[in-house]
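# Descriptive structure summary
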Amino acid sequence: MRIEPENIFEIRNARRQDMTRCGEILNDWIDETPWMPRVHSHEDVVRYHTDFVYENRNILVAENSGEEIKGFAATSSDAFVTGFYLARDIRKKGLGRRLLDHIKHEHPSGLSLWTFVANTRAQRFYVREGFSEKRRTDGDNEENLPDILYSWHLKGAAA
């Protein structure tokens, strides 16, 4: 069943107190993803989001009417999406597209992001949303997993 996220969720800039929940959403994704190694403890992930991500990234959160954060997206000043995660119970219901549309609106000159080769669901989502593959690595990241660089540009805009 598809929800109508525009009627249920508010997408807004994150506040520092939101970062614990953002770290929890990422921790949940790591824990439920069999191919994803846990490189940092749960506590370190939450601390990193509270201390570093909040101070150095633009973070949008998706908050439901019960004021529970169900997803977040983090972008750097050079239009790199450095984090994009949704709570398990809200995936495949349209909220990811809505969150991504907000980021695209904020960065009309283009976006880039990395996703793991093993994350085929993310790959399908990004390609469907207009991203194209630019290059691959054999695991030049702290997880040592092969990954893919994607980019998006408005149709008709210079790439």
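Okay, so let's go over this structure.

## Structural notes on the overall build of the protein chain
What the protein chain contains, in helices and strands, is five helices and seven strands. Along the chain direction, N to C, the helices and strands of the protein chain fall in the order α-β-α-α-β-β-β-α-β-α-β-β. Taking 15 Å as the expected radius of gyration for a compact globule of 159 residues, we find that the protein chain reaches 15 Å, a close match to that expectation. Across the 159 residues in the protein chain, those meeting the buried criterion constitute 49%. Nonlocal contacts in the protein chain, meaning residues at least 24 apart in sequence, comprise 59% of its contacts between residues at least 6 apart. Here the protein chain has roughly 8,900 Å² of accessible surface; of this, 48% comes from carbon and sulfur atoms. Distance between charge centres in the protein chain, computed from 23 positive and 26 negative side chains, equals 6 Å.

## As for the pattern of salt bridges
A complete count under the given rule lists 13 salt bridges for this structure. Note that Arg-47 is salt-bridged to Asp-44, the shortest N-O span being 2.3 Å. Here Asp-44 and Arg-47 lie together in helix α3 (residues 42-56), a separation of three residues that amounts to about one turn. Since its relative accessible area comes to 44%, Arg-47 is described here as partly exposed. Across the pair Glu-129 and Arg-97 runs a salt bridge, and its minimum N-O distance is 2.9 Å. With a gap of 32 residues between them, Glu-129 in the loop between α5 (120-128) and β6 (132-137) and Arg-97 in helix α4 (residues 95-106) connect regions that are remote in the sequence.

The rules behind each value
- Residues numbered from 1 in each chain as written.
- Predicted model: local features only at pLDDT ≥ 70, side-chain atom pairs only at ≥ 80, totals over all residues.
- Heavy atoms only, no water.
- Helix = DSSP H or I, 4+ residues; strand = E, 2+ residues; numbered from the N terminus.
- Rg over C-alpha atoms; globule rule 2.2 N^0.38 Å.
- Buried < 20%, exposed > 50% of the residue type's maximum accessible area, 1.4 Å probe, protein only.
- Contact = heavy atoms within 4.5 Å.
- Areas by Shrake-Rupley, 256 points an atom, 1.4 Å probe, with all protein chains shown as cover.
- Lys, Arg positive; Asp, Glu negative; His and termini not counted.
- Charge placed at Lys NZ, Arg CZ, Asp CG, Glu CD.
- Salt bridge = Lys/Arg side-chain N within 4 Å of Asp/Glu carboxyl O.

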